[in-house]
Amino acid sequence: MSVLAASASSAQGSASAPIIFWFRQDLRVNDHAGLVAVRALGRPLIPLYILDESKDMRPLGGASKWWLHHSLSSLSRDVPLVLRCGPAAEVLNDVIQETGAAGVLWSRCYEPDAIRRDKVIRDALSARGLIVDSRNSAVLFEPPAVNNKAGTPYMVYTPFWKACLALGESHIGAIQPKVTHELKYVNNVRSEKLDDWKLLPTKPNWAAAFGQRFAPGEKGAHSLLQSFLDGPINGYKEARNVPGSRTTSRLSPHLHWGEISPRQIWYATRAALRAGKIKQQKDADHYLSELGWREFSYYLLFHFPTLPTEPLNPKFAAFPWSTDYSMLKRWQKGQTGYPIVDAAMRELWQTGWMHNRTRMVAASFLVKDLLLPWQMGEEWFWDTLIDADAANNAASWQWVSGCGHDAAPYIRIFNPVLQGEKFDPDGTYIRQFVPELAAMPNQWIHHPWDAPSSVLRAAGVELGGNYPHRLVKHDVAQKRAVATYESMRPQSQPAAQRKLPFKALSAAK
């Protein structure tokens, strides 16, 4: 018997008592297993969102708060959303006492602080004989369902994703019907005002341009998916690396807040392929494999709860990071002197989002060229990304840093000049976000320090004036990073084993 069925049978004497659905990172009404479960109970519904800022929960970043405000505003047009702020356990208890609710349903989260909190709440409500149930809403394959033959977690993406795909679409399940029009709602439950939560920035309004690129909410998510499948997905496998073009779906913030489910994206992509809208199988497969990376990140966070703060490879706990934190501010502001890195960091600040290719380049620059701890980058992205996600953010930073799940060594170092020349050859991306270099010829825009003085003058560029000198010389920084990594290796290893894989180094350029 399911938890829901067992709990419902004990509460059958109060069949008219309402049920609370606790919205979290599932801010949608379509393909929502939790709302379908509410319909099955046949009880009046109290749709509740709790802003839990208690000390046991990681505070939301500023950009996430901007998104959340608009997402809740959108959801409230579909259901009579009740808003409460406070520790979740206390808020739920208050609403139960005020309304006589028979229980609480919610969608599962996989962040370690949420898991701990939810277990305490589940145990307390169950002990009171209340209905308690949670459903999967966030992933295609729940982490406990995927293990290797030894029964232990996968540590490398490719075998993990193959194991997921082997489970088949029957494991993913069917799209759930929209049921909100069939539900009865409880009126006159006290709700706080969204504006009183002050989730939006005031002065200065650093999020002023966010809304020009993104439309938070379920409607915006589906519009974005449809426009992507109508064209840009064709050629995706190669074009996804070009930051100056609109060749990615940009659905990551919608996915994080659950305004669209990965299952909806999966089936919509498969349908577009069958209908011939997607011309080549490789583009559909590669796009769906990006969902796979998201699944892997959640999988790692579930099995390794310290992922956002501690390296998966324990050897890196003693890595001799630099303590010259003055360089951190230059990186954050996009003033490193490397145009592709600066464009990436300015795109982040101006739009709340950053292209995946330049996320890797900017992250590599922080941890390899500047030798600053990856946790500093993870914290900055957490605060400034509208798609800040504990799993994706931490797993990606550890991947770039070489201390995480990937089998490739720390020595993967991105050359910011070569990355710019390869993926932004005409400087479109740089000119958009680093306008002081807009008049630089393509030949020099990725390394203006090499340009003749006459070219700099003609382009209106003054190095050390309106555009900074390089924080470091990449070739020097690269050798320093290699030497630092080498210093961690046990000196008792045979020389052949201690030799660094320089082929990997050049391949990362």
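Residues numbered from 1 in each chain as written. Predicted model: local features only at pLDDT ≥ 70, side-chain atom pairs only at ≥ 80, totals over all residues. Heavy atoms only, no water.

Draft legend 1. Highlighting the overall build of the protein chain. When helices and strands are tallied, the protein chain shows 24 helices and five strands. Scaling as 2.2 N^0.38, a compact globule of 509 residues should have a C-alpha radius of gyration of about 23 Å, and the protein chain matches this with 25 Å. In terms of overall dimensions, the protein chain has a C-alpha envelope of 85 × 55 × 50 Å along the principal axes. Counted over contacts in the protein chain with a minimum sequence separation of 6, partners at least 24 positions apart contribute 78%. In the structure as shown, the protein chain presents an accessible area of about 21700 Å², 54% of it carried by carbon and sulfur atoms. Within the protein chain, the 47 negative side-chain charges are centred at a point lying 4 Å from the centre of the 58 positive side-chain charges. (Helix = DSSP H or I, 4+ residues; strand = E, 2+ residues; numbered from the N terminus. Rg over C-alpha atoms; globule rule 2.2 N^0.38 Å. Contact = heavy atoms within 4.5 Å. Areas by Shrake-Rupley, 256 points an atom, 1.4 Å probe, with all protein chains shown as cover. Lys, Arg positive; Asp, Glu negative; His and termini not counted. Charge placed at Lys NZ, Arg CZ, Asp CG, Glu CD.)

Draft legend 2. Just the domain arrangement of the protein chain, in detail. Partitioning the protein chain into structural domains gives domain 1 (2-137), domain 2 (139-175 + 218-303) and domain 3 (314-508). For domain 2 versus domain 3, the distance between C-alpha centres works out to 27 Å. On the domain 3 side, the residues contacting the 20 residues of domain 2 number 17 residues. Roughly 1700 Å² of surface becomes buried between domain 2 and domain 3 when both sides are summed, with 61% attributable to carbon and sulfur atoms. (Domains from an automatic or database assignment. Buried area = accessible area lost by both parts, 1.4 Å probe.)

Draft legend 3. Region of the structure containing the packing of aromatic side chains. Evaluation of the coordinates by the stated rule reveals 33 aromatic pairs. A centroid spacing of 4.6 Å and a plane angle of 45° characterise the contact between Phe 160 and Tyr 299, whose relative ring orientation is tilted. Of the two residues, Phe 160 sits in helix α6 (residues 157-167) while Tyr 299 sits in helix α13 (residues 281-303), which places them 139 residues apart along the sequence. Tyr 299 matches Phe 160 in its accessibility class, with the two residues each being buried. The rings of Trp 66, Trp 67, Trp 206, Phe 210, Phe 214, Trp 349, Trp 353 and Trp 380 are connected pair by pair, giving a single aromatic cluster. Arg 24 extends its terminal NZ or CZ atom over the ring of Trp 22, reaching a point 4.3 Å from the ring centre. Cation over ring: Arg 58 sits above Trp 382, and NZ or CZ is 4.1 Å from the ring centre. (Phe/Tyr/Trp six-rings, centres within 6.5 Å; stacked < 30°, edge-to-face > 60°. Buried < 20%, exposed > 50% of the residue type's maximum accessible area, 1.4 Å probe, protein only. Lys NZ or Arg CZ within 6 Å of the ring centre and 35° of its normal.)

Draft legend 4. Inspection of the sheet that holds strand β2 (residues 45-51) at higher detail. Here we have five strands laid out as an open sheet, ordered β3-β2-β1-β4-β5, and parallel in their pairing. Both edges of this open sheet fall to β3 (82-85) and β5 (131-135), since each of them pairs with a single strand only. In this sheet, neighbouring strand axes are inclined to one another by 25° on average, regardless of whether the strands run parallel or antiparallel. Sheet analysis places strand β1 (residues 19-23) next to strand β4 (residues 103-107), joined by four bridges and oriented parallel. Each bridged residue has a counterpart across the sheet, and for Ile 19 the counterpart in β4 is Gly 103. (Pairing = 2+ DSSP bridges. Axes fitted to C-alpha atoms, helices over the stretch in contact; angles between N-to-C directions.)

Draft legend 5. Representation of the packing of helix α15 (residues 339-351) against helix α16 (residues 356-369) in the model. Taken N-terminus to C-terminus, the directions of α15 and α16 make an angle of 110°; their axes are 9 Å apart at the nearest point. Relative to α16, the element α15 lies roughly perpendicular. When you trace α15 past α16, the crossing you get is left-handed. On α16, the residues that touch Ile 340, Val 341, Ala 344, Met 345 and Glu 347 of α15 are Thr 358, Val 361, Ala 362 and Phe 365. A breakdown of the residues in the contact of α15 with α16 according to their chemical character gives seven nonpolar, one polar and one charged. (Parallel < 35°, antiparallel > 145°, perpendicular 65-115°, else oblique. Left-handed = near helix turned anticlockwise from the far one by under 90°. Nonpolar A, V, L, I, M, F, W, Y, C, P; charged D, E, K, R; others polar.)

Draft legend 6. Molecular detail of the pairing of β5. Of all five residues in β5, four are buried, a share of seventy percent or more. Bridging between β4 and β5 involves five bridges; their strand directions are parallel. Looking across to β5, one finds that Val 104 is bridged to Val 132. In this region the chain leaves β4, passes through helix α5 (residues 112-127) and returns to the parallel neighbour β5; the handedness of that crossover is right-handed. (Right-handed = clockwise from strand over helix to strand, strands pointing away.)

Draft legend 7. Molecular detail of the state of the cysteines. Tallying each qualifying case throughout the model produces zero disulfides. No disulfide involves Cys 109; its sulfur sits 17 Å from that of Cys 85, the nearest cysteine. (Disulfide = S-S within 2.5 Å.)

Draft legend 8. Inspection of the side chain of Glu 259 at higher detail. Residue placement: Glu 259 occurs in the loop between α11 (252-256) and α12 (262-274). Within the buried set, Glu 259 has no salt-bridge partner at all; the shortest N-O distance to an opposite charge, 9.3 Å, is to Arg 28. For Glu 259, the side chain forms a polar contact with the side chain of Trp 67, separated by 2.9 Å. Engagement of the side chain of Glu 259 in a polar contact is seen with the backbone nitrogen of Gly 217, the distance being 3.0 Å. (Salt bridge = Lys/Arg side-chain N within 4 Å of Asp/Glu carboxyl O. Polar contact = N/O pair within 3.5 Å; in protein donor to acceptor, adjacent residues only side chain to side chain.)

Draft legend 9. Local environment of the pairing of β4. For β4, the buried fraction is high: five of the five residues fall into the buried class. Residues Gly 103, Leu 105 and Ser 107 of β4 are buried on one face, and the alternating residues Val 104 and Trp 106, pointing to the opposite face, are buried as well.

Draft legend 10. Structural detail: the environment of Arg 263. Tracing the chain through its elements places Arg 263 in helix α12. Remark: the alpha-carbon pair of Arg 263 and Gln 419, spanning 156 residues in sequence, is separated by 33 Å. When sequence neighbours within four positions are dropped, the list of residues in contact with Arg 263 reads Asp 31, Leu 140, Ile 172, Gly 173, Ala 174, Ile 175 and Gln 176.

Draft legend 11. Geometry of the environment of Tyr 287. Counting through the fold element by element, Tyr 287 comes out in helix α13. Residue class for Tyr 287 comes out buried when judged on its relative accessible area of 6%. Ignoring any residue separated from it by four or fewer positions in sequence, one finds Tyr 287 in contact with Leu 225, Phe 228, Ile 233, Tyr 236, Ser 249, Leu 251, Ile 265 and Thr 269.

Draft legend 12. Broad picture of unusual backbone geometry. A cis geometry characterises the amide bond from Lys 203 onward to Pro 204, with omega recorded as -5°. Looking at the secondary structure, you find Pro 204 in the loop between α7 (169-172) and α8 (210-213). Positive phi is not limited to glycine here, since Arg 250 has a value of about 55°.

Draft legend 13. Representation of helix α17 (residues 374-384) in the model. Among the eleven residues of α17, eight are classified as buried, and the element is accordingly described as predominantly covered. Within α17, the full set of buried residues consists of Trp 374, Met 376, Gly 377, Glu 378, Trp 380, Phe 381, Trp 382 and Thr 384. Where α17 is buried, its residues meet α3 (62-75), α14 (326-332), α15, α16 and α18 (390-401).

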